[in-house]
Amino acid sequence: MMIRKIKGEDTLTQQNQTVAFHTLGCKVNQYDTQAMRERFEAAGYQTVDFDGPADVYVVNTCTVTGTGDKKSMQTIRRCHRQNPAAQIVVTGCLAQRAASELTLPGVRLVLGTQRRGEVVELLHRAMEQECALVAVETLRQAPFEHLTVHAHEGHTRATMKIQEGCDRYCTYCIIPSVRGPIRSRPVAEIEQEAQSLSQAGFAEVVLTGIHLTSYGRDMKDGTTLLDAIRAVHDVPGIARIRLGSLEPVIVTPAFVQGVAAIPKVCHQFHLALQSGSDTVLARMHRRYTSGEFLTACALLRNAFDDCAITTDVMTGFPGETEEEFAQTQETCRRAGFARMHVFPYSEREGTKAATMPGSVPRAVREARARDLIALGHELERQALDARVGRTEQVLIEELDEAGCGVGYTGAYMRVSVPGAKPGSIVQAEITGVAPGGLTGRKLEA
């Protein structure tokens, strides 16, 4: 452990009673935040809304893009403005990468992407010693951190982190250096947490990780992602299993056959494309071609007639020409995505791409992103239209302002169903497309 002592500010004279949390970035961060929330609540803290005053603020940062950095810093400063006497805990990927830059006014503890299970003890130590602590460790030999979560905000869907770290080293990505090597959660632990979540009333579990495709590779015993999925599937009370982001290389005939034999798996698959141009993919050090990506999409669609494929796409990678961008547009059209997350390339110091020639002007990156977002909306509308007339299972999560049940299909399409109650899974005939999703009619069992 590396704990660096920094000159501290005035410390509270009594133990804090309220804590507020703000999470930036991915579902893995959301899971880590929930685990820390449970640690604080077990120590007697009361969780309060982040927009109001709190004795402790916990900011779980993101550093995937420059926007993530900026939002993280703004959020930390906002905490100090809301309550100058508050103790601020900063954790997550930006904290791992740039801890020394985060000892801002009010910051009492800086953690990286390890030791979140000790967050309360480390904060109290910093307060007792009247200092600020930076507890950011090297990740070279880091083990899988055995965080557990027993409850989640909401009442129907829970996220479970089963994998940590990445060793792919795509040229644009800082994540391997801030999340460390591949570490997989033991199957027995996955089953235990799934049982706890089932007992808490959750019907759907989302399996997530930094590089979910690599689950089990570090175990050296043949364990794969399919084993983790089966462990959750066998838990009574869990009705659905949703998979986090996957690499297209995992979509082999054997994988698809394995998923098809696990009935609770939702047939929505998030396959990270990043670019639809083979030359850009090569510069990114992605390990597939656009043709191989489209083959993966076809394998899934041939196996599941209700399949929905979503993706991430980057615009303006160094050297991206108009022709290469056009190739990306064409690949997206051919893939027929149900939803696209589009973002312009952002330089990350310490990555190979940051020093590549051919930097694309920011205005061009953003213009291409707008064009691709528009294409994404067009493809999403087509995917929604194709659902009209189908019968879908909808997991109802909440009531809207009109009192209609609102939830999601297995393909993660939002549906409004009059007469459906939160927490129930209903059969619904899809009757139309509306702003924000679909409309449906509840069918009697």
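Definitions and cut-offs
- Residues numbered from 1 in each chain as written.
- Predicted model: local features only at pLDDT ≥ 70, side-chain atom pairs only at ≥ 80, totals over all residues.
- Heavy atoms only, no water.
- Helix = DSSP H or I, 4+ residues; strand = E, 2+ residues; numbered from the N terminus.
- Buried < 20%, exposed > 50% of the residue type's maximum accessible area, 1.4 Å probe, protein only.
- pLDDT = per-residue confidence, 0-100.
- Contact = heavy atoms within 4.5 Å.
- Pairing = 2+ DSSP bridges.
- Salt bridge = Lys/Arg side-chain N within 4 Å of Asp/Glu carboxyl O.
- Axes fitted to C-alpha atoms, helices over the stretch in contact; angles between N-to-C directions.
- Parallel < 35°, antiparallel > 145°, perpendicular 65-115°, else oblique.
- Left-handed = near helix turned anticlockwise from the far one by under 90°.
- Phe/Tyr/Trp six-rings, centres within 6.5 Å; stacked < 30°, edge-to-face > 60°.
- Disulfide = S-S within 2.5 Å.
- Nonpolar A, V, L, I, M, F, W, Y, C, P; charged D, E, K, R; others polar.

Caption draft 1: Layout of unusual backbone geometry. Residues other than glycine seldom take positive phi values, yet E130 does so here, at roughly 50 degrees. Within the secondary structure layout, E130 lies in the loop between helix 4 (119-128) and strand 7 (131-135). The class of E130 is exposed, set by a relative accessible area of 55%. One non-glycine residue, H285, lies in positive phi territory at about 65 degrees. If you trace the backbone, H285 turns up in the loop between helix 9 (278-284) and helix 10 (290-303).

Caption draft 2: Quick look at the confidence of the model for the protein. Taken residue by residue, the protein gives an average pLDDT of 92. The fraction at 70 or more is 95%. Contacts from residues 1-14, a stretch scored under 50 in pLDDT, to residues over four places away or in other chains number 41 contacts.

Caption draft 3: Summary view of the pairing of strand 17 (residues 414-417). Two elements, strand 16 (residues 405-409) and strand 17, share 4 bridges in a ladder whose sense is antiparallel. Of the residues in strand 17, the one forming a bridge with G405 is V417. Connecting strand 16 to the next strand, strand 17, in antiparallel fashion are 4 residues, including Y412 with a positive phi near 60 degrees. Strand direction decides the pairing type here: strand 17 and strand 19 (residues 437-442), joined by 2 bridges, are parallel. The residue of strand 19 that forms the bridge with S416 is T439.

Caption draft 4: Region of interest: the sheet that holds strand 11 (residues 240-243). If you trace the 4 strands from one edge of the open sheet to the other, you get 9-8-10-11, paired in mixed fashion. Two strands lie at the open edges of the sheet, namely strand 9 (183-184) and strand 11, each paired on one side alone. Of the pairings in the sheet, the one linking strand 8 (residues 157-164) to strand 10 (residues 204-209) comprises 6 bridges and is parallel in character. Bridge assignment links M160 to a residue of strand 10, and that residue is L207.

Caption draft 5: Quick look at the pattern of salt bridges. Inspection of the entire model under this criterion finds 32 salt bridges. One salt bridge connects R348 with D69, and the closest N-O pair in it is separated by 2.8 Å. Placement of R348 in the loop between strand 14 (339-344) and helix 12 (362-385) and of D69 in helix 2 (residues 66-82) is noted, with a sequence separation of 279 residues between them. Residue classification places D69 among the buried positions, given a relative accessible area of 13%. Note that E347 and R362 form a salt bridge whose closest N and O atoms lie 3.6 Å from each other.

Caption draft 6: Structural context of the packing of helix 11 (residues 322-335) against helix 12. Contact geometry for helix 11 and helix 12: axes closest at 10 Å, N-to-C directions at 15 degrees. On the basis of their axis angle, the class for helix 11 and helix 12 is roughly parallel. For the element pair helix 11 and helix 12, the recorded crossing hand is right-handed. Only R368, D371, L372, L375, E378 and L379 of helix 12 make contact with helix 11, whose side of the interface consists of E322, F325, T328, Q329, C332 and R333.

Caption draft 7: Geometry of the packing of aromatic side chains. A complete count under the given rule lists 9 aromatic pairs for this structure. Judged by centre distance (5.5 Å) and plane angle (80 degrees), the ring pair of F50 and Y57 falls under edge-to-face. As far as burial versus exposure is concerned, F50 and Y57 are alike and both buried. One aromatic cluster in this structure is built from F21, F40 and Y45.

Caption draft 8: Local environment of the sheet that holds strand 16. Read once around its circumference, the closed barrel built from 5 strands follows the order 15-16-17-19-18, with strand pairing classed as mixed. Within the sheet, the average angular offset between the axes of one strand and its neighbour, ignoring direction, is 50 degrees. In terms of strand pairing, strand 15 (residues 391-399) meets strand 18 (residues 425-434) through 5 bridges, oriented antiparallel. Pairing of T391 across the sheet is with E429, part of strand 18.

Caption draft 9: A look at the side chain of Q274. Along the chain, the position of Q274 falls in the loop between strand 12 (268-270) and helix 9. With a relative accessible area of 8%, Q274 lands in the buried category. Dropping the residues within four chain positions of it, Q274 is found in contact with Y172, M284, R286, Y288, D312, V313, M314 and F343.

Caption draft 10: Seen up close, the state of the cysteines. Under the counting rule described, the total for this entry stands at 0 disulfides. C166 forms no disulfide, and the closest cysteine sulfur to it belongs to C173, at a distance of 6.4 Å. A relative accessible area of 9% means that C166 is categorised as buried.

Caption draft 11: Representation of the packing of helix 1 (residues 27-42) against helix 4 in the model. At their nearest, the axes of helix 1 and helix 4 sit 9 Å apart, and the two run at 60 degrees to each other. Taken as axis vectors, helix 1 and helix 4 run oblique relative to one another. Within the contact between the two elements, helix 1 uses M36, R39 and F40 and helix 4 uses V119, V120 and L123. Looking at side-chain class alone, the contact of helix 1 with helix 4 contains 5 nonpolar, no polar and 1 charged residues.

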